[in-house]
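Residue-level structure breakdown
As a plain string of letters, each chain reads:
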Amino acid sequence: MIILCPDCGSAQTLPALAPMHRAICHRCGAELARSGQARVQAMLAATATALLLYFPATFLPVLIVEYNGQMRENIIATGAGALWGQGYWTLATGVFLLTVVMPLVWLILLFVVLFALESGRHPSWLGPLMRLCQSCRPWAMPEIMLLGGFVAYSRAGAMATTSIGTGGWSYLFYAAAVLAIDLLHDRHALWERVMPTPSIMQPLGAFACHVCRYPIEPASAEGARRCACPRCRVTTGARKEGAFNQTAALVITAAILYIPANLLPVMTVLNFGERTPNTILSGIGELWDQGVWPLAIIVFIASLAVPLLKLLGLSWCLAMIVRRSGSQLVARTRLVRLISFIGRWSNIDVFTISILCVLADFGNLEQVEVDPGAVCFAAVVILTMIASHCFDIRMMWDCIDPGAESARVHDPLVL
Ligand SMILES: [Zn+2]
Ligand SMILES: [Zn+2]
């Protein structure tokens, strides 16, 4: 069977794979297929567990703080309310969508898709629903909220007596169930269950759908530019339309916002009338001073290193496309994959602030106020996430003689 690499577009003959083996693109190292079937039943069980745990984890108190005889609780579902109350309604809406709405939408869609597959039904809406489910996944962030909760717990613990509530323990198991879904999830095998991938007849001019990898052999030039994928129904083409300009515009905007995001304070701690503004960097220093250096290192990587890596990495890839350079193509392809994978983790700090401003709300005695730096920082994270989503890796591979290469069929590496 001849298939196309989703990242570099190279046509390759997929062999029958022995158990525990994977087929890797001979050119860019993308995983083309792995042996074994989709573990639909196990995924269904993990999804049902995550759905059940979602409700106590989201609607019961996660962290409880006692200070001077008063008590404050943080509930995920209402946690964004404190941000709203302080006038940061865009940040509040963002946190609410990423921690309350999107996880629920994603889990429900996944449950429906898996249930339909398990019961052997293949309705016409299954492909589009699976696509919707796949696009919701990066925006559902329970595991990142959990890490944000750990950071908030450490920082609130330095100010007052902090304990974990029923919601907090539920959240731990809920995030574990989400991790189980991710470990069981074989995207390629699931799409095969929705509709099997056919072999392509003529590699020249053929391309893979950018969402589900279904190979498309367009009959006309218009079809190569824009057509509907038979499996997931997305409008696709040989290259993502406007990918270069969209990515460049988003990277430039994010790079400008990166400066105030790091220079301006993201939150101010009020203690007995004394105001201590905190930037991203000083927050990391505080964690380090408290001795929780593993969290300090994680926040340093997620909040400072990753956004910078995303901005520099995408800028480098865009510049190399403009120069039509074919050097370091494999390294650049791996870099874009890494950027798409780790980009969402930068939200840890935003979530930490959203939790802290609920917990530390004791008037003049102890209070956490959000500052404009947090809005800039959240914007950098979201814009760079969209930028890496808009980017089309195949644009980089176009620099090396696309006509001759796309006519040849190669053998993938089997590991
Ligand atoms: Zn490839
Ligand atoms: Zn598709």
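Above this text is the structure in question.
My aim in this report is to walk through the structure given alongside it, one point at a time. (Residues numbered from 1 in each chain as written. Chains lettered and ligands numbered in written order. Predicted model: local features only at pLDDT ≥ 70, side-chain atom pairs only at ≥ 80, totals over all residues. Heavy atoms only, no water.)

A closer look at the environment of T13
When you line up the elements, T13 lands in strand β2 (residues 11-13). Among the residues examined, T13 registers a relative accessible area of 31% and is labelled partly exposed. For the pair T13 and L318, spaced 305 residues apart in sequence, the C-alpha separation works out to 31 Å. With near-sequence residues (within four places) excluded, T13 lies in contact with M1, I2, V409, H410, D411 and P412. (Helix = DSSP H or I, 4+ residues; strand = E, 2+ residues; numbered from the N terminus. Buried < 20%, exposed > 50% of the residue type's maximum accessible area, 1.4 Å probe, protein only. Contact = heavy atoms within 4.5 Å.)

Quick word on the layout of surface pockets
Approximately 300 Å³ is the volume found for the second largest pocket. Taken together, 15 residues line the second largest pocket, and the ones lying closest to its centre are A33, R34, G36, H188 and E192. Those elements that place two or more of their residues in the lining of the second largest pocket are β4 (31-34) and α7 (187-194). (1 Å grid on protein atoms, 1.4 Å probe; cavity = no way out; pocket = protein on both sides within 12 Å on 5 of 7 lines; lining within 4 Å. Points joined across faces, edges and corners; volume = space filled by probe spheres on them.)

Quick look at the environment of L104
Secondary-structure assignment places L104 in helix α3 (residues 89-118). In this structure L104 comes out as partly exposed when scored by relative accessible area, which is 22%. In this structure the C-alpha to C-alpha distance between L104 and F55, which are 49 residues apart in sequence, comes to 9.3 Å. Leave out the neighbours within four places in its chain, and L104 touches L51, Y54 and F55.

Quick look at the sheet that holds strand β14 (residues 366-370)
With antiparallel pairing, three strands are arranged side by side in an open sheet as β13-β12-β14. Each end of this open sheet is capped by a strand with a single partner; those strands are β13 (274-278) and β14. Each neighbouring strand pair of the sheet contributes to a mean axis angle of 20°, computed without reference to strand direction. Where strand β12 (residues 267-271) meets β13, five bridges bridge the pair, whose relative direction is antiparallel. Within the sheet, the bridge partner assigned to M267 lies in β13 and is N278. (Pairing = 2+ DSSP bridges. Axes fitted to C-alpha atoms, helices over the stretch in contact; angles between N-to-C directions.)

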